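# Working through the structure, step by step
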Amino acid sequence: MDARITKERLANLLSYDWLKMIFCAAAAVLALVVFFTTVRTVPTEAQTYTVYAWTDLYSGDDSPHLKDALKKGGVFSYDILDVTTESFQGNAYSEAAFTARRAVVEGDCMFLSNAPEYAEDGTETKASALHDFIKRYPGIVLDTQKYFEDCKAYLNGFYGGDWQNGALDPAKAEACFRARNTGDKRFKKQSAIAAGIESEKARIEQLREDLKFVLNCFEKGIFSFTQGKDEDGKEFACAVRVGGAEMSGLSRLYYYPAEREGQKVNASETLNLVLFDNGTSDGDMKYESVSFLRYLATTYQNAQA
């Protein structure tokens, strides 16, 4: 029997071993992917906060860093597991992309400008991006005044009917946590559940403080409600005006080109934020936009509220 080691036989052996090594490596990678996918909690749409900017707006210097700023700043509650941002400006397929996002109930809020165009005689020649949007996409945004009233009523359920001054009912906070997080992979052990209940209490307490802050911004005129018309012609608060004299720094986030005294500027005074109507899919997480509004005020306000 010829058992001599030749170059040809050695090459064949190494080639075969390499195939086995590649196969084993691929199998190991696949096993790790399956393992981590099974173990980790994949954020749902309700656990993902998404900020959009409409086609009329350009991204300022802060825009690329907004997602990280919201995450690192702890703006949202413990149950928001991911933050995403997207601008639809400059994309030929932007409206198709937006429609696709909304078809699967993605998105929590969106910035638009409210700057119509006028002829020399003062006649409006082109509706603002905001009013054009709510006309073309009827029923897509929340009544923002009702939104804040609903948030007060929601908090009243935890504070004995007095959300501003009442004491938090720990039993109701725990019941809320268990109703929303039963089956969540993060809370399998009793120690994790106990910690989660404490996080839930902190979420509710923080929402109360954020709501107080934001309502104070409305009282001081830093924020205001913008009126629009629904599909039946009835007026409603279609957005929150977040731009204005007190919020000039907002142009660092999003802006639209304008001309002031013959100079081109990055304007933000008519910026509005619409809140999307996601039905019941967001559950308790629908009020995270209150915290986002507080972030905008504390970050871009000229003088703190």
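For the structure, check the block above.
Fair warning: this is a prediction, and the values are worked out from it, not measured in the lab.

Attention shifts here to the overall build of the protein. Summing up its helical and strand segments, the protein has eight helices and 11 strands in all. For the protein, buried positions account for 40% of its 305 residues. Partitioning the contacts of the protein with sequence separation of at least 6, the portion at a separation of at least 24 is 72%. About 16800 Å² of surface is accessible on the protein, with carbon and sulfur atoms providing 54% of the total.

Bringing the packing of helix H7 (residues 190-219) against helix H8 (residues 288-300) into the picture now. Across the interface, H7 lies against H8 with an axial gap of 9 Å and an inter-helix angle of 50°. Considering the angle they form, H7 stands oblique to H8. With respect to the hand of their crossing, H7 and H8 are arranged in left-handed fashion. In contact with Arg203, Gln206, Leu207, Glu209, Asp210, Leu211, Phe213, Val214 and Cys217 of H7, H8 contributes Glu288, Val290, Ser291, Leu293, Arg294, Ala297 and Thr298. Residue composition of the contact of H7 with H8, grouped by class: eight nonpolar, three polar and five charged.

A word on the nonpolar core. Of all hydrophobic cores here, the largest spans 56 residues; its most connected members are Phe111, Phe148, Phe223, Val242, Phe292 and Leu296. Non-local contacts of Leu296, meaning those with residues more than four positions away in its chain, are made with Phe111, Val242, Met247, Leu250, Leu253, Leu273 and Gln301. Residues Tyr52, Leu130, Tyr137 and Phe236 belong to the second largest nonpolar core, which totals 19 residues.

Bringing the environment of Phe148 into the picture now. One can find Phe148 in helix H5 (residues 144-156). Setting aside residues up to four positions removed in sequence, Phe148 forms contacts with Leu211, Val214, Leu215, Phe218, Phe225, Val240, Val290 and Leu293.

Right, let's get into the packing of H5 against H8. Between H5 and H8, the least distance of the axes is 10 Å, while the angle of their chain directions is 115°. As the angle between them shows, H5 and H8 are arranged roughly perpendicular. In this structure, H5 meets H8 at a crossing whose hand is left-handed. Residues Tyr147, Phe148 and Cys151 of H5 touch H8, and the partners they reach there are Glu288, Ser289, Val290 and Leu293. Broken down by class, the residue content of the contact of H5 with H8 amounts to five nonpolar, one polar and one charged.

Moving on, we get to helix H3 (residues 94-103). Of the positions making up H3, those classed as buried are Ser94, Ala97, Phe98 and Arg102. Looking straight down H3, one finds that the buried residues subtend no more than 130° of arc, so they occupy a single side. Facing away from the buried surface of H3 by more than 90 degrees, the exposed residues are Ala96 and Ala103. In this structure, the buried residues of H3 make contact with strand E1 (48-53), strand E4 (109-113) and helix H4 (129-136).

Further remarks concern the packing of aromatic side chains. Describing an aromatic ring pair means giving the distance of the ring centres and the angle of the ring planes. Under the criterion given, the structure shown has 27 aromatic pairs. Taking 5.0 Å as the distance between ring centres and 65° as the angle between the ring planes, the aromatic pair formed by Tyr52 and Phe88 counts as edge-to-face. Pair noted here: Tyr52 is in strand E1 and Phe88 is in the loop between strand E3 (82-87) and H3, with a separation of 36 residues, a long-range link. In terms of burial, Tyr52 and Phe88 fall into one category: buried.

Moving on, we come to the sheet that holds E1. Note on sheets: strands pair through backbone hydrogen bonds, and any given pair is parallel or antiparallel. In space, the six strands of this open sheet follow the order E3-E1-E4-E11-E8-E7, with mixed pairing throughout. Each edge of the open sheet is held by one strand with a lone partner, namely E3 and strand E7 (224-229). Neighbouring strand axes in the sheet, compared pairwise and without regard to direction, differ in orientation by 30° on average. Summarising the sheet, strand E8 (residues 235-241) and strand E11 (residues 271-275) pair through two bridges and their orientation is antiparallel.

A negative phi angle characterises most non-glycine residues, just as the trans form characterises most peptide bonds. In this model, Val105 sits at a positive phi of 55°, which is unusual for a non-glycine residue. Considering the arrangement of structural elements, one finds Val105 in the loop between H3 and E4. Phi at Glu261 is positive, roughly 55°, even though this residue is not glycine.

Mapping Arg102 onto the fold places it in helix H3. Although buried, Arg102 forms no salt bridge, and the nearest oppositely charged side chain, Asp277, lies 6.7 Å from it. A polar contact is formed between the side chain of Arg102 and the backbone oxygen of Gly107, at a distance of 3.3 Å. Other than its neighbours up to four places away in sequence, Arg102 contacts Gly107, Ile140, Phe276, Asp277 and Asn278.

Cut-offs applied
Residues numbered from 1 in each chain as written. Predicted model: local features only at pLDDT ≥ 70, side-chain atom pairs only at ≥ 80, totals over all residues. Heavy atoms only, no water. Helix = DSSP H or I, 4+ residues; strand = E, 2+ residues; numbered from the N terminus. Buried < 20%, exposed > 50% of the residue type's maximum accessible area, 1.4 Å probe, protein only. Contact = heavy atoms within 4.5 Å. Areas by Shrake-Rupley, 256 points an atom, 1.4 Å probe, with all protein chains shown as cover. Axes fitted to C-alpha atoms, helices over the stretch in contact; angles between N-to-C directions. Parallel < 35°, antiparallel > 145°, perpendicular 65-115°, else oblique. Left-handed = near helix turned anticlockwise from the far one by under 90°. Nonpolar A, V, L, I, M, F, W, Y, C, P; charged D, E, K, R; others polar. Core = buried A, V, L, I, M, F, W, Y, C linked by side-chain atoms within 4.5 Å. Arc of directions from axis to C-beta. Phe/Tyr/Trp six-rings, centres within 6.5 Å; stacked < 30°, edge-to-face > 60°. Pairing = 2+ DSSP bridges. Lys, Arg positive; Asp, Glu negative; His and termini not counted. Salt bridge = Lys/Arg side-chain N within 4 Å of Asp/Glu carboxyl O. Polar contact = N/O pair within 3.5 Å; in protein donor to acceptor, adjacent residues only side chain to side chain.

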